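Each chain, letter by letter, is given below.
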Amino acid sequence: MSTPDPALEQLRSAAAEPSPQTWFQLAQGLVARQAMEEAHDWHRRAADAGFAPAQIELARMQLHGVGTERNVEEAVAWLLRAEATGHPVAAYMLALVSVGGVAAPHDARINQRVMQALNAGMAPALRAAAIHFGRKANAQDQQRCLQLLDHAAQRGDWVAALLLSERLARGEGCAADRDAAGRLRARLEAGGIAPLPALSVEDIATRSTAGTLLLEDGLQAPLARAVSERPRVAVIDGLLSADECRLLIAAARPMLHRSLAIDERTGEASAMQIRTSSDASFDPLVEDLSLRLVQQRMASAAGMELVQAEHLVVLAYEPGQEYRPHRDYRSPESLRDDVPEAGNRARTICVYLNEPEAGGETAFPVSGVTVEPQAGRAVVFDNLLADGSPDVDSLHAGLPVQHGEKWLATLWLRERGYRAY
Ligand SMILES: O=C(O)CCC(=O)C(=O)O
Ligand SMILES: [Fe+2]
């Protein structure tokens, strides 16, 4: 028997009235109680009646297949309807799903949409724009970055506050202001948010047009330097900016847990000696615009599409922790329950998010190549041969960290589309 829930009963009786706003409130009440299918039905009813907030929530449920079958096309149609009423959240969501170009074309409209959302004070849009401007070397854009981070922080975005505190403490894009940084840090620490590891990125590989918000600028494929032919390994310095490295660490930190490794025979994941790090996997449900933009640049730097990427994983190694020699391609058995139509893991891109004091290199024993961690640097390698068969030479390891900590972001890229958009 279910427990009585007077608040919900009140919403239900109110929803007998022909009021889309009340239907939406009931739907939200049902979401809060995890009654997703019923929530979907009420969202749909309010959406059909033209209520934009319900259209947006219905689209969200359809995008992620929550309470209903996943239907990306229909979700986008609902978002376009809500956007036509001038709703900034719809504009933001359309910008978000257009990254990658599958759900909606990734064209110049993305910039207008982000502008609309940031003018409405939406924190994730403010933060994404801040990080975008922060990649530009000129003083004015650096100043814009700081202002936007500040604005996002004031709107309650603690990741933006953390990025801002690092910039103020280190004098990035501004004169160092230890007092302001200290006050911000104290507020964050009171909320249980620790400072980030110190890191710097010397040179960002792509520079974009000064003064304008042109997100497509940040997606140009930067120059890769081949370091090994067999296996095929390349290195890209400065793929991510310091803000982007910090973003990934900050977003991953609350989700970290002991890493699992996949048992090749059973396809089951369990804690094993082969991989002693901790990691966080980013479900698309928790992604926002800045996280998607970073992943899009990582995928395109690897010569792949974002839809080919499995969920982003951030790994954290403490002293003594390592990822012993392994190959990233998977056995047919282990792929069976994980979108087999996407094929195998064709390529991997790993980006170092900081620099451990000693150790933590990525080693490729077959060619003898070792890549040193450096914040923002990517290492890209093929796991399959040109004919699609596994490349046994792709053996690689994350060597034990000796001093300090090591943070790394990995995208495993399949042969074909893996994500829904
Ligand atoms: O930590 C490293 O350097 C390697 C990580 C790795 O092999 C992976 O994420 O697949
Ligand atoms: Fe690996």
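Here is what the cut-offs are and how they apply
- Residues numbered from 1 in each chain as written.
- Chains lettered and ligands numbered in written order.
- Predicted model: local features only at pLDDT ≥ 70, side-chain atom pairs only at ≥ 80, totals over all residues.
- Heavy atoms only, no water.
- Pairing = 2+ DSSP bridges.
- Helix = DSSP H or I, 4+ residues; strand = E, 2+ residues; numbered from the N terminus.
- 1 Å grid on protein atoms, 1.4 Å probe; cavity = no way out; pocket = protein on both sides within 12 Å on 5 of 7 lines; lining within 4 Å.
- Points joined across faces, edges and corners; volume = space filled by probe spheres on them.
- Nonpolar A, V, L, I, M, F, W, Y, C, P; charged D, E, K, R; others polar.
- Near = heavy atom within 4 Å.
- Polar contact = N/O pair within 3.5 Å; in protein donor to acceptor, adjacent residues only side chain to side chain.
- Areas by Shrake-Rupley, 256 points an atom, 1.4 Å probe, with all protein chains shown as cover.
- Core = buried A, V, L, I, M, F, W, Y, C linked by side-chain atoms within 4.5 Å.
- Buried < 20%, exposed > 50% of the residue type's maximum accessible area, 1.4 Å probe, protein only.
- Contact = heavy atoms within 4.5 Å.
- Domains from an automatic or database assignment.
- Buried area = accessible area lost by both parts, 1.4 Å probe.
- Salt bridge = Lys/Arg side-chain N within 4 Å of Asp/Glu carboxyl O.
- Expected span 1.5 Å × (residues − 1).
- UniProt positions renumbered as here; feature names shortened; annotations may be inferred.
- Axes fitted to C-alpha atoms, helices over the stretch in contact; angles between N-to-C directions.
- Parallel < 35°, antiparallel > 145°, perpendicular 65-115°, else oblique.
- Left-handed = near helix turned anticlockwise from the far one by under 90°.

## A short note on the sheet that holds strand β2 (residues 233-236)
Then comes step 1: Read across the sheet, eight strands follow the order β1-β2-β13-β9-β16-β7-β6-β3 without closing on themselves; strand pairing throughout is antiparallel. This sheet does not close on itself; its edge strands, each paired only once, are β1 (225-228) and β3 (257-258).
Then comes step 2: Of the strand pairs in this sheet, strand β6 (residues 278-281) and strand β7 (residues 313-317) are connected by four bridges, and their pairing is antiparallel. From the neighbouring strand, aspartate 279 faces β7, where its bridge partner is leucine 315.

## Description of the layout of surface pockets
Then comes step 1: There is about 670 Å³ of room inside the largest pocket.
Then comes step 2: Every residue lining the largest pocket is counted, 26 residues in all, and those nearest its centre are Leu260, Ile262, Arg275, Arg345 and Trp412.
Then comes step 3: Those elements giving two or more residues to the lining of the largest pocket turn out to be β4 (261-262), β6 and β8 (323-326).
Then comes step 4: With three residues, the top contributor of residues to the lining of the largest pocket is β8.
Then comes step 5: Classifying every residue of the lining of the largest pocket gives twelve nonpolar, five polar and nine charged.

## Thoughts on the site of ligand 1
Then comes step 1: Every residue near ligand 1 is listed here: Leu315, Tyr317, Tyr323, His326, Asp328, Thr362, His396, Gly398, Lys406, Leu408, Thr410 and Trp412.
Then comes step 2: For ligand 1, an oxygen atom lies 3.0 Å from a polar atom in the side chain of histidine 396.
Then comes step 3: Protein contact buries 100% of the 290 Å² of open area that ligand 1 shows by itself.
Then comes step 4: Looking at the shell around ligand 1, the elements with two or more residues in it are β7, β8, β14 (396-398) and β16 (406-414).
Then comes step 5: Looking at which element gives the most residues to the shell around ligand 1, the answer is β16, with four residues.
Then comes step 6: Here the shell around ligand 1 is composed, by residue class, of five nonpolar, five polar and two charged.

## Structural notes on the nonpolar core
Then comes step 1: Counting residues in each nonpolar core, the largest one holds 111 residues, and the members touching the most others are Val114, Leu239, Leu248, Met298, Ile349 and Leu353.
Then comes step 2: Look past the residues within four positions of leucine 248 in its chain and what remains in contact with it is Leu240, Phe282, Leu291, Val294, Leu312, Val314, Leu353 and Ala409.
Then comes step 3: Of all hydrophobic cores here, the second largest spans 16 residues; its members include Tyr323, Val369, Val371 and Val379.

## A short note on the domain arrangement of the protein chain
As a measure of interface size, the accessible area lost when the parts come together is often cited.
Then comes step 1: Each assigned domain of the protein chain is listed with its residue range as follows: domain 1 (6-119), domain 2 (129-190) and domain 3 (215-414).
Then comes step 2: Across the boundary between the two partners, domain 2 contributes 13 residues, which contact 14 residues of domain 3.
Then comes step 3: Summing both partners gives a buried area of about 1100 Å² for domain 2 against domain 3, and 61% of it is carried by carbon and sulfur.
Then comes step 4: Joining domain 2 to domain 3, the criterion identifies three salt bridges.
Then comes step 5: With a shortest N-O distance of 2.9 Å, arginine 135 and glutamate 244 are connected by a salt bridge.
Then comes step 6: The tally of links from domain 2 across to domain 3 stands at four residue pairs in polar contact (both at pLDDT 80 or more).
Then comes step 7: Of all the secondary structure elements, the ones that give two or more residues to the side of domain 2 that touches domain 3 are α8 (123-134) and α10 (158-170).

## Considering helix α4 (residues 52-64)
Then comes step 1: Helix length check: α4 (13 residues) gives 19 Å between terminal C-alpha atoms against 18 Å at 1.5 Å per residue, within 8%.
Then comes step 2: Buried residues dominate α4, accounting for eleven of its 13 residues.
Then comes step 3: Taken as a whole, α4 has its buried residues at Ala52, Ala54, Gln55, Ile56, Glu57, Leu58, Ala59, Met61, Gln62, Leu63 and His64.
Then comes step 4: The inward-facing, buried residues of α4 contact α2 (20-32), α3 (36-48), α5 (72-84) and α6 (88-98).
Then comes step 5: Positive backbone phi, approximately 65°, marks glycine 65, located one or two places after α4.

## Brief notes about the UniProt feature "domain: Fe2OG dioxygenase" (unreviewed entry) in the protein chain
Then comes step 1: In the numbering used here, UniProt assigns the "domain: Fe2OG dioxygenase" (unreviewed entry) feature to residues 308-415.
Then comes step 2: Regarding residues 308-415, the helix share stands at 4% and the strand share at 42%, and the terminal C-alpha atoms are separated by 7 Å.

## Focus on the packing of α4 against α6
Then comes step 1: In contact at an axis separation of 10 Å, α4 and α6 are set at 20° when each is read in the N-to-C sense. In this view, α4 runs roughly parallel relative to α6, as classed from their interaxial angle. In this structure, the crossing between α4 and α6 has a hand that is left-handed. Contacts from Ile56, Arg60 and Leu63 in α4 reach Val89, Ala90, Met93 and Val97 in α6.
Then comes step 2: Partitioned by chemical class, the residues of the contact of α4 with α6 number six nonpolar, no polar and one charged.

## Here's the deal with the sheet that holds β8
Then comes step 1: Strand order across the open sheet formed by four strands is β8-β14-β11-β12, with antiparallel pairing between neighbours. Looking at the sheet topology across the chains shown, the edges are occupied by β8 and β12 (369-371). Adjacent strand axes in the sheet meet at a mean angle of 10°, parallel and antiparallel pairs treated alike.
Then comes step 2: Pairing geometry for strand β11 (residues 362-364) and β12, over three bridges, is antiparallel. Opposite threonine 362, over in β12, you have valine 371 as the bridge partner.

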